[in-house]
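Given next are the chains, with one letter for each unit.
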Amino acid sequence: MSVRLSSKPRAGRLPHLYADGFTYFLTARTHDQKHYLDTDAKKQLFIQIWNTLIKDYTIQTYHWILWSNHYHALIYVPIGDTLPRLINRLHSTMTLKLNRIDNTPGRKIWNQYWDHCVRNEVDFWKHFNYITANPVKHQWCKDLAIGFTYPHSGNPQWVQKQGTDFLYERIWSYPIREFQPEENKSSSRDITG
Ligand code: NI
């Protein structure tokens with residue numbers, strides 16, 4: 001396994017280490033958690049850019065969910081270095097496009113992002129389930145079954161591929177209670193754009 005520096009260390013900043021061939025759980029928020037992605041069209045734009053970039057970097061998406069003010073993704077990253085590049089390009093492109101749409105040049109859209117290197121199967125499924133159940137957590141719905149239909153996520157795709165029983169079984173096997181990655185800021189990165 002090779003480990004790379006994601007960027008040259010700069011004064012006052014620690015170098016970030018990203019290992020090759022690992023699964024990462026990613027969370028990023030908008031600046032001040034404002035609802036900048038508040039329409040379906042803006043969310044579609046994000047998804048379009050995301051799909052293009054992950055193809056470029058041969059990154060694989062296991063699960064994802066997009067809200068108007070943040071997103072989560074569980075991804076496989078063959079070359080660790082490409083993770084910060086993906087986020088930089090995603091965020092800068094979205095910033096440019098949203099500011100063009102809203103006629104707000106120079107507006108800051110994104111804040112920090114958090115990444116977590118998934119270490120084992122239990123960790124993987126807990127993060128997977130965290131995304132699956134996210135529509136309930138964020139009170140989009142009360143019932144998990146309705147959460148499976150949240151359109152801006154991998155949920156409908158997983159339902160189509162494996163069925164709802166599979167998603168229930170995963171949650172039952174790897175409960176997400178007391179698991180709150182969004183509050184773990186130990187690995188947060190500052191990012192511009
Ligand atoms: Ni969330």
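Anything mentioned here points back to the structure above.
No experiment lies behind these values; they were computed from the predicted model shown. (Residues numbered from 1 in each chain as written. Predicted model: local features only at pLDDT ≥ 70, side-chain atom pairs only at ≥ 80, totals over all residues.)

Could you clarify how one ought to interpret the overall build of the protein chain in this entry?
When helices and strands are counted, the protein chain shows seven helices and seven strands. When the helices and strands of the protein chain are placed in sequence order, the string is β-β-β-α-β-β-α-β-α-α-α-α-α-β. Within the protein chain, buried positions represent 29% of all 193 residues. Contacts in the protein chain between residues far apart in sequence, at least 24 positions, make up 69% of those at least 6 positions apart. (Helix = DSSP H or I, 4+ residues; strand = E, 2+ residues; numbered from the N terminus. Buried ≥ 20, exposed ≤ 12 C-beta atoms within 10 Å, placed from the backbone. Contact = placed C-beta atoms within 7 Å.)

Explain unusual backbone geometry to me, please; I cannot follow it from the model alone.
If a residue is not glycine, its phi is most likely negative; likewise, a peptide bond is most likely trans. Residue Gln33 is not a glycine yet carries a positive backbone phi of 55 degrees. Its place among the elements puts Gln33 in the loop between β3 (22–30) and α1 (40–56). Judged by C-beta crowding, with 12 C-beta atoms within 10 Å, Gln33 ranks as exposed. Phi angles above zero are rare outside glycine, and Gln139 is one such case at about 60 degrees.

Can you walk me through the environment of His116 in this structure?
Residue placement: His116 occurs in strand β6 (residues 110–118). Owing to 17 C-beta atoms within 10 Å, His116 belongs among the partly exposed residues under this scheme. C-alpha of His116 to C-alpha of Leu26: the two residues are 90 residues apart in sequence and 6.6 Å apart in space.

Help me understand the nonpolar core in this model?
Buried together is how nonpolar side chains tend to be arranged in soluble globular proteins. Judged by nonpolar contacts, the single largest core of 33 residues is most densely connected at Ile65, Leu66 and Tyr71. Looking at this core, the elements that each hand over two or more residues are β3, α1, β4 (60–66), β5 (70–77), α2 (82–101), β6 and α3 (121–132). When near neighbours in sequence (up to four residues on either side) are disregarded, Leu66 contacts Leu37, Lys43, Phe46, Ile47, Tyr71, His152 and Ser153. (Core = buried A, V, L, I, M, F, W, Y, C linked by C-beta atoms within 7 Å.)

Is there a simple way to explain the packing of α1 against α2 in this structure?
Helix-helix packing is characterised by the crossing angle of the two axes and by the distance between the axes. The interhelical angle for the contact between α1 and α2, taken along N-to-C directions, is 145 degrees, at an axis separation of 10 Å. Like other packed secondary-structure pairs, α1 and α2 cross with a definite hand, here right-handed. Counted together, Lys42, Leu45, Phe46, Ile49, Trp50 and Leu53 of α1 and Leu86, Arg89, Leu90, Thr93, Met94, Lys97 and Leu98 of α2 form the full contact between these two elements. Along the lines of polarity and charge, the residues of the contact of α1 with α2 split into nine nonpolar, one polar and three charged. (Axes fitted to C-alpha atoms, helices over the stretch in contact; angles between N-to-C directions. Left-handed = near helix turned anticlockwise from the far one by under 90°. Nonpolar A, V, L, I, M, F, W, Y, C, P; charged D, E, K, R; others polar.)

What is the right way to read the pairing of β5 from this model?
Every regular strand shows the same layout, with side chains that alternate between the two sheet faces. For β5, a buried count of seven out of eight residues is recorded, marking the element as mostly surrounded by other parts of the structure. Bridging between β3 and β5 involves eight bridges; their strand directions are antiparallel. Within β5, the residue paired with Leu26 across the bridge is Ala73. Bridge count between β4 and β5: six bridges; the pairing is antiparallel. In the strand pairing of β5, Thr61 is matched with Ile75. Turn length for the β4-β5 hairpin, with the two strands adjacent in sequence and antiparallel, is three residues. (Pairing = 2+ DSSP bridges.)

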